[in-house]
Amino acid sequence: MRYFFIILIALGSFMVGFDLMENASELPDSANLVLIYIMYKGFYAVDMMLPISLVFAMIATSVELVRSNALAAYYSIGYSKSRILAPFLSVAVMMISLHIALHATNFARANEFANNLRETSQFIRPTSNLFFTHEGNYVYFGNLYPLTKKAEKIRIFTFEKGKLKEVLSASEAVYDYDNGYWNIKKAHILRPPGSLDLNATGIVTEERSNVRALKDFKPKILDQVYEGKANFTIIDGFDALALLEDQNVDVAKIESAMFRIFVTPWFAVFLIVIFFSFAPVSARFLNLSVFSFGAILATLLVWGFLFMMGELSNNKTLSPAFGVIAPIGVLFAIMIGRIGSPLRRVRVKSRQN
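Residues numbered from 1 in each chain as written. Predicted model: local features only at pLDDT ≥ 70, side-chain atom pairs only at ≥ 80, totals over all residues. Heavy atoms only, no water.

**Student:** How should I be thinking about the nonpolar core in this particular structure?
**Tutor:** A general feature of soluble globular proteins is that nonpolar side chains tend to end up buried together. By size, the foremost hydrophobic cluster in this structure holds 73 residues, and its most contacted members are Ile59, Phe141, Leu168, Trp182, Leu214, Phe275 and Phe276. The biggest single contributor to this core is helix 2 (residues 31-67), with 13 residues. Leu168 has contacts with Ile154, Arg155, Ile156, Ile184, Ala187, His188, Ile189 and Val211, leaving out every residue within four places of it along the chain. Counting ten residues, the second-largest nonpolar core is a separate cluster that includes Leu33, Tyr40, Leu117 and Ile124. (Core = buried A, V, L, I, M, F, W, Y, C linked by side-chain atoms within 4.5 Å. Buried < 20%, exposed > 50% of the residue type's maximum accessible area, 1.4 Å probe, protein only. Helix = DSSP H or I, 4+ residues; strand = E, 2+ residues; numbered from the N terminus. Contact = heavy atoms within 4.5 Å.)

**Student:** Explain the sheet that holds strand 1 (residues 127-134) here, please?
**Tutor:** Paired through their backbone hydrogen bonds, the strands of a sheet run either parallel or antiparallel. The strand order across the open sheet built from six strands is 1-2-3-4-5-6, with neighbouring strands paired in antiparallel fashion. In this open sheet, the two strands that pair with only one neighbour each are strand 1 and strand 6 (204-213). Averaged over neighbouring strand pairs, the angle between their axes works out to 20° when direction is ignored. Strand direction decides the pairing type here: strand 2 (residues 137-145) and strand 3 (residues 150-160), joined by seven bridges, are antiparallel. Across the sheet, the residue bridging to Asn143 is Glu152, located in strand 3. (Pairing = 2+ DSSP bridges. Axes fitted to C-alpha atoms, helices over the stretch in contact; angles between N-to-C directions.)

**Student:** How should I be thinking about the pairing of strand 1 in this particular structure?
**Tutor:** Two faces make up the sheet, and in a regular strand the side chains alternate between them. Across seven bridges, the pairing between strand 1 and strand 2 is antiparallel. Note that in strand 2 the partner of His134 across the bridge is Asn137. Taken together, strand 1 and the strand that follows it, strand 2, pair antiparallel across an intervening segment of two residues, in which Glu135 is found at a positive phi of about 55°.

**Student:** What am I meant to see in a nonpolar patch on the surface here?
**Tutor:** Where nonpolar side chains cluster on the molecular surface, the patch consists of Met1, Phe5, Ile9 and Met94 and spans about 410 Å² of accessible area. Assignment of secondary structure puts Met1 in the segment before helix 1 (2-23). Under the relative-accessibility criterion, Met1 is labelled partly exposed at 44%. (Patch = residues over 30% accessible without salt bridge, like charges linked within 9 Å, V, L, I, M, F, W, Y side chains within 5 Å. Areas by Shrake-Rupley, 256 points an atom, 1.4 Å probe, with all protein chains shown as cover. Salt bridge = Lys/Arg side-chain N within 4 Å of Asp/Glu carboxyl O.)

**Student:** I would appreciate a short explanation of the packing of aromatic side chains in the present structure.
**Tutor:** To describe a pair of aromatic rings, you give the distance between the ring centres and the angle between the ring planes. A complete count under the given rule lists 13 aromatic pairs for this structure. Seen from their ring centres, Tyr74 and Tyr79 are 5.6 Å apart, and the 65° between their planes marks the pair as edge-to-face. Relative accessible area serves as the criterion here: at 35%, Tyr74 is assigned to the partly exposed category. The exposure class of Tyr79 is partly exposed, given its relative accessible area of 26%. A network of ring pairs unites the aromatic residues Tyr40, Phe43, Phe107 and Phe113 as a single cluster. A cation over an aromatic ring shows up here: Lys150 above the ring of Tyr145, its NZ or CZ 5.6 Å from the ring centre. The lysine or arginine in question, Arg212, covers the ring of Tyr181, its NZ or CZ lying 4.4 Å from the ring centre. (Phe/Tyr/Trp six-rings, centres within 6.5 Å; stacked < 30°, edge-to-face > 60°. Lys NZ or Arg CZ within 6 Å of the ring centre and 35° of its normal.)

**Student:** Got a minute to help me understand helix 1 in this structure?
**Tutor:** Each turn of an α-helix holds 3.6 residues, which means side chains three or four residues apart point in the same direction. Over its 22 residues, helix 1 extends 32 Å from the first C-alpha to the last, a length consistent with the 32 Å expected when each residue adds 1.5 Å. For helix 1, the set of buried residues is Phe4, Ile7, Leu8, Gly12, Val16, Asp19 and Asn23. Seen along its axis, helix 1 keeps its buried residues to an arc of 150°; they face one direction. Helix 1 presents Arg2, Ile6, Ile9, Phe14 and Met21 as exposed residues on the side facing more than 90 degrees away from its buried surface. In the core, the buried residues of helix 1 are packed alongside helix 2, helix 4 (81-102) and helix 5 (110-120). (Expected span 1.5 Å × (residues − 1). Arc of directions from axis to C-beta.)

**Student:** Help me understand empty space enclosed by the protein in this model?
**Tutor:** Think of a ball as big as a water molecule: rolled over the atoms, this probe shows where empty space is left. One pass over the full model with this rule turns up one cavity of 30 Å³ or more. Estimates place the volume of the largest cavity at around 40 Å³. Forming the walls of the largest cavity are Arg260, Thr264, Leu306, Gly310, Gly323, Val324 and Ile328. Among the elements of the structure, helix 10 (288-314) and helix 11 (320-340) are those that each provide at least two residues to the lining of the largest cavity. A per-element tally of the lining of the largest cavity places helix 11 first, with three residues. Split by residue class, the lining of the largest cavity holds three nonpolar, three polar and one charged. (1 Å grid on protein atoms, 1.4 Å probe; cavity = no way out; pocket = protein on both sides within 12 Å on 5 of 7 lines; lining within 4 Å. Points joined across faces, edges and corners; volume = space filled by probe spheres on them. Nonpolar A, V, L, I, M, F, W, Y, C, P; charged D, E, K, R; others polar.)

**Student:** I would appreciate a short explanation of the pattern of salt bridges in the present structure.
**Tutor:** Applying the stated criterion across every chain, the model contains eight salt bridges. Across the pair Glu112 and Arg109 runs a salt bridge whose closest N-O atoms are separated by 2.8 Å. Just as Glu112 is buried, Arg109 falls in that class too. Several salt bridges share partner residues, and in doing so they unite Glu166, Arg191, Glu206 and Arg208 into one network.

Right under this line is the structure:
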């Protein structure tokens, strides 16, 4: 835990400091906003660096145990590798579980909030010109304000059997979380003629009050899904999947984001087991500098590869199963292979006098 927190703070500080040097000229003039920007960037750094900090902490602890001959002493009194590895895994599982749980909050959107502060001095900036489908109808929002749950310049085109049935237009709508609808106080309804016959009824207009529309289409879902954002919280991600499942909308980006939250961080646990299986009992059996350098390099390569595959999945270049699940599955298979050979319950008995 000591090494973990030292490494996490060091890597997070480096990441935040590098970002400040790069974007210092674009930050707002307000000192308060700059401090909030640093805080959000710090949260994002923790989100990025926590898994590899666990692996680096395990490497540092293993080197210390080997160099001080503590590892050989544990084996000599009857400890197995699995028993020595148990504290590493316990801490890793606890921290990764906490890391995943934090994504149920706005911790998952820290980088988005920080970038919004840098660009507009606002936590959440309004989204403009949203055009989407809902239950076979087409909807247009001129402006969407997720923080205040309000939309402006609304147009809803209702179709029936492929033909335009009516057009609803309104200047403003507010989402009500209690009933799950967008409430429109005043709406203008326009209905086209049923046929093009000269004797048919012409265009019909109607003014209507207190209209409810777009059930369960939460502002956050609209803002994130249709703007192509990938910083989903767990709750928003599940809500979006449940809502869009039957809407004929591609949910690959949402699935990729959810897989990256729940699956990708566990690579740290797999690497801890794999590296520990290669750790020497004594410094006489292996050069510790070579071991630590190789383990750190392998961690960075694996982390970079997983990040690349995740980004390709977010951009829909790869399917979420292939871009996120498959690499973690390969690491899990390698870990199982290492457990099956040198990580068996091998005990080193002390000599009998």
